[in-house]
Amino acid sequence: MVFKKIGVVGGGTMGQGISEMLAAQGLDVFLAEKSPEKLDQAIAHITISLDKQIERWALTESEKKTILSKIKRASDLSEMADCDLVIESISEDLNAKKHMFFQLNQYCPPHVLLATNTSTLSVTEIAAVTTHPERVIGLHFLHPVAKVGLVEIVRAMRTSDETYRLTQQFVDDHLHKKGIAVNESPGYITTRLICTLINEAMHTLSEGIATAEDIDQAMKIGYEFKYGPLEMCDRFGLDAVLAALEGMFREYGDIKYRPSFLLKQMVRAGHLGTKTGIGFFRYDKDGDRL
């Protein structure tokens, strides 16, 4: 199967990254959002991302134009019917995702693969609202999507072998990323491990063992992390990390997944990381550390 047209539903941070990455690989992308205003905002953020790459000599102006020309605005979900694969990347809310897949199921013919970018929610439960759960699969991309060469391919209870084979082919041949096969489990591999580390870093901070800067420096210098766990939390979004931990704590019942009280406090205060400019550290509008 040759994948040419890919639908992306949701133009938040992950949706933007997925759309940009797909377009850079030469695929036609149909991006959908709740409103024209949100769609314009998503395209504007993708443009900023490309401009920053031009500043670093990682991209040319003509390449930027080519990538943007590949991203089409989808005014309605019905436009997803002509896609080979649709990737849902809306907020981590189970009911919202189930409603979205219920709608996609109505518009997309049975041969269209439906993937969710969820990091903790049950793909099996999401697929259950469709009439063809065998075509539903998880594609968990990591942030920043373009730079991370890994995708978790999550098999739900009723995902067919053919759906998995085609998805693996898509990841290998079109995205040129390493696809890791994961049987459905809350948090999969990456979210389960990294959120546990982030949570422990917050416990370390709240206990006064070290400063946020020193905790991150210890992991960056000592273990060659690109970002320390607290800056990673800022870049993922504190609200997203809280939702992931709460989901795993609810599913596993293990105290190690219980979110740090400090995390809850910061989310309540609106300190969500790069998206608000303040988290454990401060950031400018482009997400760069101040």
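Placed above this text is the structure.
Residues numbered from 1 in each chain as written. Predicted model: local features only at pLDDT ≥ 70, side-chain atom pairs only at ≥ 80, totals over all residues. Heavy atoms only, no water.

1. Some remarks on helix H8 (residues 212–223)
Working step 1: In this model, H8 (12 residues) spans 16 Å end to end at C-alpha, consistent with the 16 Å of a helix rising 1.5 Å per residue.
Working step 2: Within H8 the residues assigned to the buried category are Ala212, Ile215, Asp216 and Met219. Buried positions in H8, seen along its axis, are confined to an arc of 95° and lie on one side of it. Set apart from the buried face of H8 by more than 90 degrees, the exposed residues are Ile221 and Gly222. (Helix = DSSP H or I, 4+ residues; strand = E, 2+ residues; numbered from the N terminus. Expected span 1.5 Å × (residues − 1). Buried < 20%, exposed > 50% of the residue type's maximum accessible area, 1.4 Å probe, protein only. Arc of directions from axis to C-beta.)

2. Observations concerning the pairing of strand E7 (residues 150–155)
Working step 1: The pairing of strand E6 (residues 136–141) with E7 spans four bridges and is classified as antiparallel. Across the sheet, His140 pairs through a bridge with Glu152, a residue of E7.
Working step 2: In this structure, E7 lies alongside strand E8 (residues 178–183), joined through six bridges in parallel fashion. The residue of E8 that forms the bridge with Arg155 is Asn183.
Working step 3: You can see the chain leave E7, run along helix H6 (residues 161–175) and come back into E8, and the turn it takes is right-handed. (Pairing = 2+ DSSP bridges. Right-handed = clockwise from strand over helix to strand, strands pointing away.)

3. What about the nonpolar core?
Working step 1: Membership of the largest hydrophobic core comes to 34 residues, with the highest contact counts inside it found for Leu22, Leu85, Ile87, Leu139, Phe141 and Phe170.
Working step 2: Look past the residues within four positions of Leu139 in its chain and what remains in contact with it is Leu85, Ile87, Ala115, Thr116, Asn117, Val151, Glu152, Ile153, Thr167, Phe170 and Val171. (Core = buried A, V, L, I, M, F, W, Y, C linked by side-chain atoms within 4.5 Å. Contact = heavy atoms within 4.5 Å.)

4. Focus: the side chain of Lys64
Working step 1: Along the chain, Lys64 falls in helix H3 (residues 61–70).
Working step 2: Setting aside its immediate chain neighbours within four residues, Lys64 contacts Thr47, Leu50, Asp51, Ile54 and Leu59.

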